[in-house]
Amino acid sequence: MSTPIGPYAPVRRVGDWVITSGQIGLAPDEKGVPGLVDGGTIPQLHQALANLATEGATLAQVVKTTLYLVDMGEFAAVNEVWVEYFTADRPTRSAVAVVALPAGARVEVEAWAYAPPAGAGPGGPLPGR
């Protein structure tokens, strides 16, 4: 999970749910200073998806996502990356075109994961999963 660039929580656990704020392609450089990864939308998407895994949740537990794109012309390329990360049981997703994103990002992803804490009892998959 990247360090937030504003006054908000990057992730919250509420019972069996882990909810992330929108993640952009931030990663620390060699000096530890966070910044956008180079290369545009696709490298930023890889990093944003890597930033989602936290609070005991994995990408396999993600059930709902919202994808924000500065350029819908990159939608097909984004989908190619998406299927690398979400293989069999893909989460629902909304895709929204935006004029701009924080820090000059090209893509942002927020997610909801159903992830009962370890040792929390039966929990289990959502119905239909």
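Treat the numbers as computed from the prediction; the structure is a model and nothing was measured.

A. The packing of aromatic side chains, seen in detail. As enumerated under the stated definition, the model contains three aromatic pairs in all. With a centroid separation of 5.3 Å and an interplanar angle of 65 degrees, the aromatic rings of tryptophan 17 and tyrosine 114 are classed as edge-to-face. One end of the pair, tryptophan 17, is in strand β2 (residues 17–23); the other, tyrosine 114, is in strand β7 (residues 107–114), and 97 residues separate them in sequence. By relative accessible area, which is 27% here, tryptophan 17 ends up partly exposed.

B. Spatial organisation of the environment of alanine 105. Following the sequence through the fold, alanine 105 ends up in the loop between β6 (92–97) and β7. For the pair alanine 105 and valine 70, spaced 35 residues apart in sequence, the C-alpha separation works out to 8.1 Å. Excluding its chain neighbours within four sequence positions, the residues that come into contact with alanine 105 are Ile24, Leu36, Gln44 and Val70.

C. Summary view of the nonpolar core. Counting residues in hydrophobic clusters, the biggest one holds 20 residues, and the most contacted among them are Leu45, Leu49, Leu67, Trp82 and Val109. Within the residue set of this core, elements represented by two or more residues are α1 (41–52), β5 (62–69), α2 (75–85) and β7. With near-sequence residues (within four places) excluded, leucine 67 lies in contact with Leu45, Val78, Trp82, Arg93, Ser94, Ala95, Val96, Val107, Glu108 and Val109.

D. Looking closely at the sheet that holds β7. The five strands are arranged β1-β2-β7-β5-β6 in an open sheet whose pairing can be described as mixed. Each having just a single partner strand, β1 (11–14) and β6 make up the two edges of the open sheet. Strand-to-strand twist across the sheet, computed as the mean angle between neighbouring axes with direction ignored, equals 10 degrees. Direction of pairing for β2 relative to β7: antiparallel, over a ladder of five bridges. Along β7, the bridge assignment pairs isoleucine 19 with tryptophan 112. In the packing of α1 onto the sheet, the strands contacted are β2, β5 and β7, and the crossing angle to β7 comes to about 25 degrees. Set on the sheet, α2 makes contact with β5, β6 and β7; between it and β5 the angle comes to about 150 degrees.

E. Fine view of the packing of α1 against α2. As a packed pair, α1 and α2 sit with axes 10 Å apart at the nearest point and diverge in direction by 30 degrees. Considered as vectors, α1 and α2 are oriented roughly parallel to each other. For the element pair α1 and α2, the recorded crossing hand is right-handed. When α1 is examined against α2, the residues Thr41, Ile42, Leu45, His46 and Leu49 are found in contact with a partner set consisting of Ala77, Val78, Val81, Trp82, Glu84 and Tyr85. Looking at the contact of α1 with α2 residue by residue, the classes come out as eight nonpolar, two polar and one charged.

Conventions adopted
- Residues numbered from 1 in each chain as written.
- Predicted model: local features only at pLDDT ≥ 70, side-chain atom pairs only at ≥ 80, totals over all residues.
- Heavy atoms only, no water.
- Phe/Tyr/Trp six-rings, centres within 6.5 Å; stacked < 30°, edge-to-face > 60°.
- Helix = DSSP H or I, 4+ residues; strand = E, 2+ residues; numbered from the N terminus.
- Buried < 20%, exposed > 50% of the residue type's maximum accessible area, 1.4 Å probe, protein only.
- Contact = heavy atoms within 4.5 Å.
- Core = buried A, V, L, I, M, F, W, Y, C linked by side-chain atoms within 4.5 Å.
- Pairing = 2+ DSSP bridges.
- Axes fitted to C-alpha atoms, helices over the stretch in contact; angles between N-to-C directions.
- Parallel < 35°, antiparallel > 145°, perpendicular 65-115°, else oblique.
- Left-handed = near helix turned anticlockwise from the far one by under 90°.
- Nonpolar A, V, L, I, M, F, W, Y, C, P; charged D, E, K, R; others polar.

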